[in-house]
Amino acid sequence: KVISLPVSRENIEILNRPNGYEVTLEPSTLANVIVCGPKEIVAGLKEDDLRVVVDVKDLSTGRHSVSVRISCSNPSVWIYYGESLYETIVDITKK
């Protein structure tokens, strides 16, 4: 199943966030995420079942295109990555 995943503060984990800086994702939705698993479980997935991990290590202030990892709390479901990772834009600003 292909879904669009709304990205809220509750389901984002930002790794290596520099102290004193704010990191935001743009857009607030990851489109065309391919979710695999039993049909009835995939059909019942909710936003908070999925987690987005973004690593901003070695990034300076400004806008950057970064790869994200997506995982599901249900072990029967997995995210298909194919030949590439999902990407989003992060904006790093001083607080």
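Residues numbered from 1 in each chain as written. Predicted model: local features only at pLDDT ≥ 70, side-chain atom pairs only at ≥ 80, totals over all residues. Heavy atoms only, no water.

Enquirer: Report on the sheet that holds strand β7 (residues 78-80), specifying residues and quantitative values.
Expert: Strand pairing in a sheet is mediated by backbone hydrogen bonds. Such pairs are either parallel or antiparallel. Reading across the sheet, the three strands line up as β1-β4-β7 and stay open at both edges, with antiparallel pairing between neighbours. Strand pairing shows two members of the sheet lacking a second neighbour, β1 (2-6) and β7, which therefore form its edges. Within this sheet the neighbouring strands show an average axis-to-axis angle of 55 degrees, counted without direction. Pairing geometry for strand β4 (residues 29-36) and β7, over three bridges, is antiparallel. Bridging across to β7, Ile-34 finds its partner in Tyr-80. (Pairing = 2+ DSSP bridges. Helix = DSSP H or I, 4+ residues; strand = E, 2+ residues; numbered from the N terminus. Axes fitted to C-alpha atoms, helices over the stretch in contact; angles between N-to-C directions.)

Enquirer: With reference to specific residues and values, describe the sheet that holds strand β2 (residues 12-15).
Expert: Spatial strand order, β2-β5-β6-β8-β3: five strands in an open sheet with mixed pairing. Of all the strands in the sheet, just β2 and β3 (21-26) have a single pairing partner and so form its edges. Across the sheet, the axes of successive neighbouring strands diverge by a mean angle of 35 degrees, strand direction being ignored. The pairing of β2 with strand β5 (residues 50-55) spans four bridges and is classified as parallel. By the bridge assignment, Ile-14 is partnered in β5 with Val-54.

Enquirer: An account of the side chain of Asn-11 is needed here, citing residue identities and associated values.
Expert: Its place among the elements puts Asn-11 in the loop between β1 and β2. Discounting residues that sit within four places of it in the chain, Asn-11 has contacts with Leu-5, Pro-6, Glu-47, Leu-50, Arg-51 and Val-52. (Contact = heavy atoms within 4.5 Å.)

Enquirer: Please set out unusual backbone geometry residue by residue, giving values where relevant.
Expert: Although it is not a glycine, Asn-16 adopts a positive phi angle of roughly 60 degrees. Looking at the element boundaries, Asn-16 is found in the loop between β2 and β3. Residue class for Asn-16 comes out partly exposed when judged on its relative accessible area of 45%. Positive phi outside glycine occurs at Asp-58, with the angle close to 65 degrees. Inspection of the secondary structure assignment puts Asp-58 in the loop between β5 and β6 (62-72). (Buried < 20%, exposed > 50% of the residue type's maximum accessible area, 1.4 Å probe, protein only.)

Enquirer: Mind laying out the packing of aromatic side chains, listing which residues take part and the relevant values?
Expert: In total, this model carries one aromatic pair according to the counting rule given. Where Tyr-81 meets Tyr-86, the ring centres are 5.5 Å apart and the plane angle is 55 degrees; that geometry is what we call tilted. Just above the ring of Tyr-81 sits the side chain of Arg-69; from NZ or CZ to the centre is 4.2 Å. (Phe/Tyr/Trp six-rings, centres within 6.5 Å; stacked < 30°, edge-to-face > 60°. Lys NZ or Arg CZ within 6 Å of the ring centre and 35° of its normal.)

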